[in-house]
Amino acid sequence: MSRAEPLFRAAFLATMFGALAGCAKPPETVYFVAVGARDEVPKARGACRVAEARPSAPIHFDPAGQTYEAVDPGRVRIPCEHGVVVLDVRRPSRVRVDTTQAAKRGDLLVMELQAFDDAGQRLSFGRAPVAWSFTGALGPRRPPACTGAEAACAPENAGYAVAFDQGEGQVLARFGGLSSRIVVTVLP
């Protein structure tokens, strides 16, 4: 073996490793979702091939592959037209009602329930059902009609209340086995 041969091999290996490092993996978009979440398959990377999702056990897809239900913790990789969508399914450990805690009589309130895992990461639960109840100075109301663009429509699982009397109103929201309660002060 000549002296130049080991140098040539080293240069060849360095070139190959450099070329491999330059091979980019398809871009990924990660969504953190709660066990129990129900939503549309994200389209961040174009049309997705849900039949090729790996592993699919944490997620059930509808027959058309347009919507999913998260049933178990785990990461699901879905190949899409321009990259990979990852649904990182986590068990929620707490929920919190997000709304104003002071209102005037006659105000119409819209409330959102937020879910978090053990590490404090916010989880999406999409269109999963949330049970809302209102007592005291608050009462339930119908959600506004959605006739325009979907982006302008309020979430299906939002809480809708009216502040009909002066005093305190209580809000209770339930998602699965978790619940959150807050008090809203209604001013004249």
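The notes below deal with the structure included here. If you're wondering where the values come from, they're calculated on a predicted model, not measured in any experiment. (Residues numbered from 1 in each chain as written. Predicted model: local features only at pLDDT ≥ 70, side-chain atom pairs only at ≥ 80, totals over all residues. Heavy atoms only, no water.)

1. Considering the sheet that holds strand β10 (residues 131-136)
Read across the open sheet, the four strands follow the order β7-β14-β13-β10; overall the sheet is mixed. On the outer flanks of this sheet lie β7 (102-104) and β10, each paired with one strand and no other. Going from strand to strand, the sheet's axes swing by 30° on average, the running direction of each strand aside. Bridging between strand β13 (residues 167-175) and strand β14 (residues 178-187) involves nine bridges; their strand directions are antiparallel. Within the sheet, the bridge partner assigned to E168 lies in β14 and is T185. (Pairing = 2+ DSSP bridges. Helix = DSSP H or I, 4+ residues; strand = E, 2+ residues; numbered from the N terminus. Axes fitted to C-alpha atoms, helices over the stretch in contact; angles between N-to-C directions.)

2. Description of the state of the cysteines
Applying the stated rule across the entire model yields one disulfide. A disulfide bridge connects C48 with C80, and the sulfur atoms are separated by 2.0 Å. Every disulfide takes its handedness from the sign of the S-S torsion; for C48 and C80 that torsion is 95°, giving right-handed. Residue C48 is found in the loop between β1 (28-40) and β2 (59-61), and its partner C80 is found in strand β4 (residues 74-80); the two are separated by 32 residues along the sequence. A residue is classified by how much of its surface remains accessible, and C48, at 21% relative accessible area, is partly exposed. (Disulfide = S-S within 2.5 Å. Buried < 20%, exposed > 50% of the residue type's maximum accessible area, 1.4 Å probe, protein only.)

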